[in-house]
Amino acid sequence: MPAALPVVVPAVVPVAPRPANPLDTDYRLLFDLCPVLRVRLLTDDEPAPDRELGWYSATDLATDPDALAAALAGEAARIAPVAVGHGTAPRPHVAASRLLHHYLWSVCVLIAGPWRLSGRVPSIDGADLWMHAPTGDFALRPRAQVALPGEDELRAELRAAVVTHVEPLLAAFAAPTRRGTRALWGMVTDDLASAIWYLGKRLDESTGAAGGPGSPGEDAAVAAAEAVLPGQTDPLLGAAHFRVLNGEDGRAHHTRTRLGCCLYYAIEPAGACVTCPRTGDEERLRRF
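Residues numbered from 1 in each chain as written. Predicted model: local features only at pLDDT ≥ 70, side-chain atom pairs only at ≥ 80, totals over all residues. Heavy atoms only, no water.

## Brief notes about the overall build of the chain
So, step 1. A count of helical and extended segments in the chain gives eight helices and eight strands.
So, step 2. A principal-axis box enclosing the C-alpha atoms of the chain has dimensions of 105 × 45 × 35 Å.
So, step 3. When burial is assessed residue by residue, the chain has 47% of its 288 residues classed as buried.
So, step 4. A sequence separation of at least 24 residues applies to 67% of the contacts in the chain between residues at least 6 apart.
So, step 5. Side-chain charges in the chain split into 27 positive and 34 negative, and the spacing between the mean points of these groups amounts to 4 Å. (Helix = DSSP H or I, 4+ residues; strand = E, 2+ residues; numbered from the N terminus. Buried < 20%, exposed > 50% of the residue type's maximum accessible area, 1.4 Å probe, protein only. Contact = heavy atoms within 4.5 Å. Lys, Arg positive; Asp, Glu negative; His and termini not counted. Charge placed at Lys NZ, Arg CZ, Asp CG, Glu CD.)

Written out as structure tokens, the structure is:
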């Protein structure tokens, strides 16, 4: 009989751990800074959130009518109690506009946050960001990011990252929101300016600085938003265009007027946003 062949035991090659993604640190800082942003951070090896439990990726929302319908139904259910309390019954396009505003503002914070905190611009693929239809919460799997030496180049990268992510969604939301292309890109411009502004105000609050002109975080954020959105940055429309209102008490306040309306007044008639085109400067100062 032939001699038995020796048993060859394959060498164990150690698998190097995945290098830490710097975006993980950025996002943890961002979520501490902005608790209103309800996002679950996923690692590379975690499974995607379960569609059967109402989780839909941005790609799903952009390409699957059933996913979009579920998300719109979730928003309608969330605003219904508020509307009933104010004696209103918003039509479907109002719920669609509110949902799109919520999504756009959230994704703009998710992209602009690391840019403001560390000079990194995330590239968020539509398959790596999910929305929970019943609650409006998000889950995110961070992937690629870009860090460039030039400020102008980095601002251009920020705009490009936002445009690339939201463009498919705008096409899907056009019919439900009953808005044309220019109005939809106006919403994106508004929400990007608002996101950068909000980050500055939160940075002020985290350091105990007073808000308004003269506070370091908000002043820097207003300047940053105006540099990102100076106008002539198609398809983003218009400029951030902040201005200062001076109250009778001598205090000054940053403000801007949105290019379009998010339709919150259709839910709460007396509660139009402070930056709404329907809200005059006298009313703004009263709220400040």
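## Re helix H5 (residues 151–177)
So, step 1. The largest bend in H5 is about 40°, located at Val166, with the proline Pro168 one to four residues further on.
So, step 2. Looking one or two residues beyond H5, the residue adopting positive phi is Arg178, at roughly 60°. (Bend = angle between axes of the 7 residues up to and from the residue.)

## A closer look at the side chain of Thr88
So, step 1. Along the chain, Thr88 falls in the loop between helix H3 (65–85) and helix H4 (92–118).
So, step 2. Residue Thr88 is classed as buried on the basis of its relative accessible area, which comes to 18%.
So, step 3. Within polar-contact distance, the side chain of Thr88 engages the backbone oxygen of Ile267 at 2.9 Å.
So, step 4. Among all residues touching Thr88, those that are not within four sequence positions of it are Ala83, Ala266, Ile267 and Pro269. (Polar contact = N/O pair within 3.5 Å; in protein donor to acceptor, adjacent residues only side chain to side chain.)

## Some thoughts on the confidence of the model for the chain
Note: predicted coordinates in regions of low pLDDT should not be interpreted at a detailed level.
So, step 1. Across the chain, pLDDT averages 90, with 92% of residues at or above 70.
So, step 2. Segment residues 7–17: pLDDT under 50, and zero contacts once partners within four positions in sequence are set aside and those in other chains are kept. (pLDDT = per-residue confidence, 0-100.)

## Notes on the packing of aromatic side chains
So, step 1. The final tally for this structure, using the stated rule, is four aromatic pairs.
So, step 2. The interplanar angle of 70° and the centroid separation of 5.0 Å between the aromatic rings of Trp105 and Tyr198 together place this pair among those described as edge-to-face. With a gap of 93 residues between them, Trp105 in helix H4 and Tyr198 in helix H6 (residues 181–207) connect regions that are remote in the sequence.
So, step 3. Since its relative accessible area comes to 15%, Trp105 is described here as buried.
So, step 4. A residue is classified by how much of its surface remains accessible, and Tyr198, at 17% relative accessible area, is buried.
So, step 5. Between Trp197 and Phe242, the aromatic rings sit 4.9 Å apart at their centres with planes inclined by 80°, giving edge-to-face as the arrangement. Pair noted here: Trp197 is in helix H6 and Phe242 is in the loop between helix H7 (216–228) and strand E7 (243–246), with a separation of 45 residues, a long-range link. (Phe/Tyr/Trp six-rings, centres within 6.5 Å; stacked < 30°, edge-to-face > 60°.)

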